[in-house]
Amino acid sequence: MASSTTAGHAISCKGKPLSFFPSSFDARLLEFIHLRFISIVFSLLIYDDGDDVFDAEAAAVAWEAGKPLVIEQVEVAPPKAMEVRIKIEYTSLCHTDVCFWEAKGQHPLFPRIFGHEAAGIVESVGEGVTDLQVGDRVLPVFTGECKECAHCKSEESNMCDLLRINTERGVMLSDGETRFSKDGTPIYHFLGTSTFSEYTVIHSGCVAKIDPSAPLDKVCILSCGISTGLGAMLNVAKPKRGSSVAVFGLGAVGLAAAEGARIAGASRIIGVDINPNRFEEAKKFGIDEFINPKDHDKPVQEVIVEMTDGGVDRSVECTGNISAMISAFECVHDGWGVAVLVGVPSKDAAFATKPINFLDERTLKGTFFGNYKPRSDLPAVVDMYMKKELELEKFITHRIPFSEINKTFDYMLSGESLRCIVCMDE
Ligand SMILES: [Zn+2]
Ligand SMILES: [Zn+2]
């Protein structure tokens with residue numbers, strides 16, 4: 001430190017204090033340096049080079065379909081080439097977790113660690129990982145971006161050939177093995193993310209590095225559902241300022257689409273849902289006209305066409321119900337209307353509409369993860385939240401400690417929650 005004199009004491013240029021009665025400013029400075037030192041030592045202790053197998057990390061393991069998760073101490077292997085190990089800070093439940101946990105109609109794969117909406121901190125990196133470092137704050141994503149394939153090189157696609165979502169795979173891409181085990185029994189991964197665990201190993205191409213000052217307990221919900229609905233509206237439907245929009249399905253994804261319509265400056269947002277309990281909550285998202293298809297004896301598209309004098313400018317469908325998908329298309333205005341499908345239908349569903357609906361210049365599109373490329377685009381979505389353009393708080397209806405993770409399934413199945421934040425350290 002250079003020679004200086006401050007109120008309260010003097011410090012000599014030889015480093016010997018002439019007197020040492022720190023002012024309150026210096027006391028704070030010393031305290032800061034002390035805390036900083038502790039935090040660096042702590043960092044050195046917890047951020048290692050990734051060679052260690054963690055053998056006492058808590059994870060919520062699904063041992064059987066539809067049975068409550070069990071918090072277990074599991075071994076988490078170090079990341080291999082192009083992988084990272086992440087300390088999950090916050091996670092939340094998304095509907096896709098529930099579908100595969102129930103395993104109705106899907107190939108059951110157990111024991112498995114679910115979870116794909118989360119935020120965390122990189123704890124160690126495997127060989128060949130150059131764009132992520134220990135300490136980076138990240139969102140794990142269920143689909144990736146290798147930046148090399150034809151899809152990644154296309155401006156129009158986010159459907160990476162290498163790292164595209166794979167719901168069946170329960171192992172890592174590089175070696176076909178799991179990084180989780182308990183007493184030698186492998187535990188399968190889910191969507192390459194498995195965020196219902198204090199530590200998880202993820203392919204580095206499925207990790208978005210974000211603004212380090214972003215609050216992880218809020219932005220964690222951007223790693224799946226909210227970005228899906230938001231991107232469907234902003235990137236695909238692209239409503240113009242002052243336009244009219246219909247949103248089918250008022251769960252978290254549909255409300256995120258409504259949030260996108262609000263951000264785009266839509267003047268009229270119509271919500272469609274068969275559950276009227278959703279309507280009150282939806283008002284917070286700028287939806288102030290509601291249609292319950294059950295209240296009408298004609299198809300909902302006819303109701304919307306009458307209400308809007310010819311149809312809405314844009315519609316986004318977030319239920320996966322095939323008749324809702326057809327209604328969402330047929331309710332848009334001829335000449336310019338665009339409908340976007342987001343919900344995942346049953347395998348055998350077929351879309352039937354008269355070709356004249358297309359010839360009359362209506363457009364039907366589908367989207368996956370809101371057309372966002374996870375690594376390239378998610379940081380900017382986080383920035384939208386940081387700039388207060390995007391409101392995330394209104395999606396968060398519950399908050400629970402990790403030990404109570406099963407409650408989040410109850411909240412979702414009862415329709416009580418939009419998003420419940422699970423705090424890993426509480
Ligand atoms: Zn999801
Ligand atoms: Zn790719």
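Here the structure is a predicted model, which means the values were calculated and not measured.

Focus on the sheet that holds strand S15 (residues 314–317)
- Read across the open sheet, the six strands follow the order S14-S13-S12-S15-S16-S17; overall the sheet is parallel. Every interior strand has two partners, whereas the edge strands, strand S14 (289–291) and strand S17 (363–366), have only one. Averaged over all pairs of adjacent strands, the angle between their axes in this sheet comes to 20°, without regard to strand direction.
- Two strands pair when backbone bridges link them, and strand S12 (residues 244–248) and S15 are joined in this way by four bridges, in the parallel orientation. The partner of Ala246 across the bridge, within S15, is Ser315.
- Packed on one face of the sheet, helix H6 (residues 252–264) meets S12, strand S13 (268–272) and S15 and runs near 170° to S12.

Topic: the nonpolar core
- Among the nonpolar cores identified, the biggest contains 111 residues, and Ala246, Val247 and Ala257 are the most heavily contacted of them.
- Residues lining this core come from more than one domain, with at least three contributed by each of domain 1 (57–223 + 392–423) and domain 2 (229–369).
- Residues in contact with Val247, not counting those within four places in the same chain, are Gly254, Ala257, Ala258, Ile269, Gly271, Val272, Ile287, Val316 and Cys318.

Focus on H6
- Its 13 residues place the ends of H6 18 Å apart at the C-alpha level, agreeing with the 18 Å of an ideal helix rising 1.5 Å per residue.
- For H6, the buried fraction is high: 10 of the 13 residues fall into the buried class.
- Contact partners of the buried residues in H6: helix H5 (225–237), S12, S13, helix H7 (278–282), S15 and strand S19 (419–423).

Overview of helix H9 (residues 322–330)
- With seven of nine residues buried, H9 is to be regarded as a mostly interior element.
- Looking at the buried side of H9, the elements it contacts are S12, helix H8 (300–307), S15, strand S16 (338–341), helix H10 (356–359) and S17.

Topic: the environment of Glu426
- Relative to the helices and strands, Glu426 is located in the segment after S19.
- With 12 C-beta atoms packed within 10 Å, Glu426 lands in the exposed category.
- Sequence separation between Glu426 and Tyr90 is 336 residues; the distance between their C-alpha atoms is 10.0 Å.
- Those residues within four positions of Glu426 in sequence are excluded, and the remaining contacts are Pro401 and Phe402.

Some remarks on the pairing of S19
- Counting buried positions along S19 yields four of five residues, so the element is predominantly enclosed.
- Here strand S5 (residues 83–92) runs beside S19; their pairing, made up of three bridges, is antiparallel. Bridging from a neighbouring strand, Tyr90 pairs with Cys423 of S19.
- Two strands pair when backbone bridges link them, and strand S18 (residues 396–401) and S19 are joined in this way by five bridges, in the parallel orientation. Residue pairing across strands places Pro401 opposite Cys423, the latter belonging to S19.
- In this fold, the crossover linking S18 to S19 by way of helix H12 (residues 406–413) has right-handed handedness.

Thoughts on the pairing of S5
- Burial analysis of S5 places eight of its 10 residues in the buried class, the great majority of the element.
- Note that S5 and strand S10 (residues 199–203) share five bridges and pair antiparallel. Bridging across to S10, Glu83 finds its partner in His203.
- Pairing geometry for S5 and strand S6 (residues 117–125), over eight bridges, is antiparallel. Paired with Arg85 across the two strands is Ser124, which belongs to S6.

Observations concerning the packing of H5 against H6
- Contact geometry for H5 and H6: axes closest at 7 Å, N-to-C directions at 40°. Of the possible angle classes, the one that applies to H5 and H6 is oblique. As for the relative orientation of H5 and H6, their crossing is right-handed in sense. Facing Gly225, Ile226, Thr228, Gly229, Leu230, Ala232, Met233 and Leu234 of H5, the residues of H6 in contact are Ala252, Val253, Gly254, Leu255, Ala256, Ala257, Glu259, Gly260, Ala261, Ile263 and Ala264.
- Residues of the contact of H5 with H6, tallied by class, amount to 13 nonpolar, five polar and one charged.

So, the confidence of the model for the chain
- On average, residues of the chain score 90 in pLDDT, and 88% of them are at 70 or above.
- Confidence drops under pLDDT 50 across residues 1–33; counting only partners more than four residues distant or on other chains, this segment forms 25 contacts.
- Note on residues 35–49: pLDDT is under 50 here. Beyond four places in sequence and across chains, it has six contacts.

About the thresholds
- Residues numbered from 1 in each chain as written.
- Chains lettered and ligands numbered in written order.
- Predicted model: local features only at pLDDT ≥ 70, side-chain atom pairs only at ≥ 80, totals over all residues.
- Pairing = 2+ DSSP bridges.
- Helix = DSSP H or I, 4+ residues; strand = E, 2+ residues; numbered from the N terminus.
- Axes fitted to C-alpha atoms, helices over the stretch in contact; angles between N-to-C directions.
- Contact = placed C-beta atoms within 7 Å.
- Core = buried A, V, L, I, M, F, W, Y, C linked by C-beta atoms within 7 Å.
- Buried ≥ 20, exposed ≤ 12 C-beta atoms within 10 Å, placed from the backbone.
- Domains from an automatic or database assignment.
- Expected span 1.5 Å × (residues − 1).
- Right-handed = clockwise from strand over helix to strand, strands pointing away.
- Parallel < 35°, antiparallel > 145°, perpendicular 65-115°, else oblique.
- Left-handed = near helix turned anticlockwise from the far one by under 90°.
- Nonpolar A, V, L, I, M, F, W, Y, C, P; charged D, E, K, R; others polar.
- pLDDT = per-residue confidence, 0-100.

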